[in-house]
Amino acid sequence: MTQVDESIGAHLSLSVEAMQARAQRLCDEFNERRRVRRQDGLWSDLEVRVRIESGLAVEWYYRSWHAKERRASMGGRRYRRVHLTKRRVIFHAQDWERDEVKQVRDQLDVLKESVKALRRIERILSAQALTGDEADMLAGFRASARERINDKG
């Protein structure tokens, strides 16, 4: 791999990390605004989470509330998290938060696609580096088995 390829790869890696950090900040800010009870008494049951693996995975959740029999007498309620598809997020969003949910969802989609494209470019560059003539010269040329057989005969 040449120095140019290495510097491009390093730049791509930094860009991917920056986009992943931006996606995490978006999710944290969105969830924090949902945890704080608004002054007008409105409450949201939506949550968003980002998983950073080899790329970027965005997961939306909805809190489904239900009363537990033994806790109902004490006034307690429990919830379970229900995983939502991208389309169902808007359905579960309340009227006052629908615009913000659309905006965050669209921003996360752009970041996700950008990370996906950068990872694809990284794979192409690494594949080029492995098959290039420079790699043969740096690693020392090793003839394949077919070439060794042809040389003998």
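Rules used throughout
- Residues numbered from 1 in each chain as written.
- Predicted model: local features only at pLDDT ≥ 70, side-chain atom pairs only at ≥ 80, totals over all residues.
- Heavy atoms only, no water.
- Helix = DSSP H or I, 4+ residues; strand = E, 2+ residues; numbered from the N terminus.
- Buried < 20%, exposed > 50% of the residue type's maximum accessible area, 1.4 Å probe, protein only.
- Contact = heavy atoms within 4.5 Å.
- Areas by Shrake-Rupley, 256 points an atom, 1.4 Å probe, with all protein chains shown as cover.
- Phe/Tyr/Trp six-rings, centres within 6.5 Å; stacked < 30°, edge-to-face > 60°.
- Lys NZ or Arg CZ within 6 Å of the ring centre and 35° of its normal.
- pLDDT = per-residue confidence, 0-100.
- Patch = residues over 30% accessible without salt bridge, like charges linked within 9 Å, V, L, I, M, F, W, Y side chains within 5 Å.
- Salt bridge = Lys/Arg side-chain N within 4 Å of Asp/Glu carboxyl O.
- Lys, Arg positive; Asp, Glu negative; His and termini not counted.
- Charge placed at Lys NZ, Arg CZ, Asp CG, Glu CD.

### What about the overall build of the protein?
Then, number 1: Secondary structure assignment for the protein yields six helices and three strands.
Then, number 2: Overall, the protein shows an N-to-C arrangement of helices and strands of α-β-β-α-β-α-α-α-α.
Then, number 3: The buried share among the 153 residues of the protein stands at 25%.
Then, number 4: Within the protein, residue pairs in contact and separated by at least 24 positions form 51% of the contacts whose partners lie at least 6 positions apart.
Then, number 5: When the accessible surface of the protein is totalled, it reaches about 11200 Å², and 50% of it is carbon and sulfur.

### Points about the environment of Trp60
Then, number 1: For Trp60, the position within the fold is in strand 2 (residues 57-67).
Then, number 2: Trp60 gets classed as buried once you look at its relative accessible area, which sits at 4%.
Then, number 3: Spatially, the C-alpha atom of Trp60 lies 7.4 Å from that of Lys86, the residues being 26 residues apart in sequence.
Then, number 4: Contacts of Trp60, omitting those with residues within four sequence positions, involve Phe30, Glu47, Val48, Val82, His83, Leu84, Val89, Val101, Val104, Arg105 and Leu108.

### Remarks on the packing of aromatic side chains
For any pair of aromatic rings, geometry is given as the distance between the ring centres together with the angle between the planes.
Then, number 1: Going through the model one piece at a time under the given rule, you end up with one aromatic pair.
Then, number 2: The side chain of Arg34 reaches across the aromatic face of Phe30, ending 4.1 Å from its centre.
Then, number 3: Here Arg81 stacks its cationic end above the ring of Tyr61, 4.0 Å away from the centre of that ring.

### Here's the deal with the confidence of the model for the protein
Then, number 1: Across the protein, the average pLDDT comes to 76, with 67% of residues at or above 70.
Then, number 2: Per-element confidence in the protein is highest for strand 1 (residues 46-51), whose mean pLDDT is 92, and lowest for helix 5 (residues 133-139), whose mean pLDDT is 52.

### As for a positive patch on the surface
Then, number 1: A contiguous patch of positive charge, built from Lys112, Lys116, Arg120 and Arg123, is present on the exposed surface.
Then, number 2: With respect to the helices and strands, Arg120 occurs in helix 4 (residues 98-131).
Then, number 3: What makes Arg120 partly exposed here is its relative accessible area of 41%.

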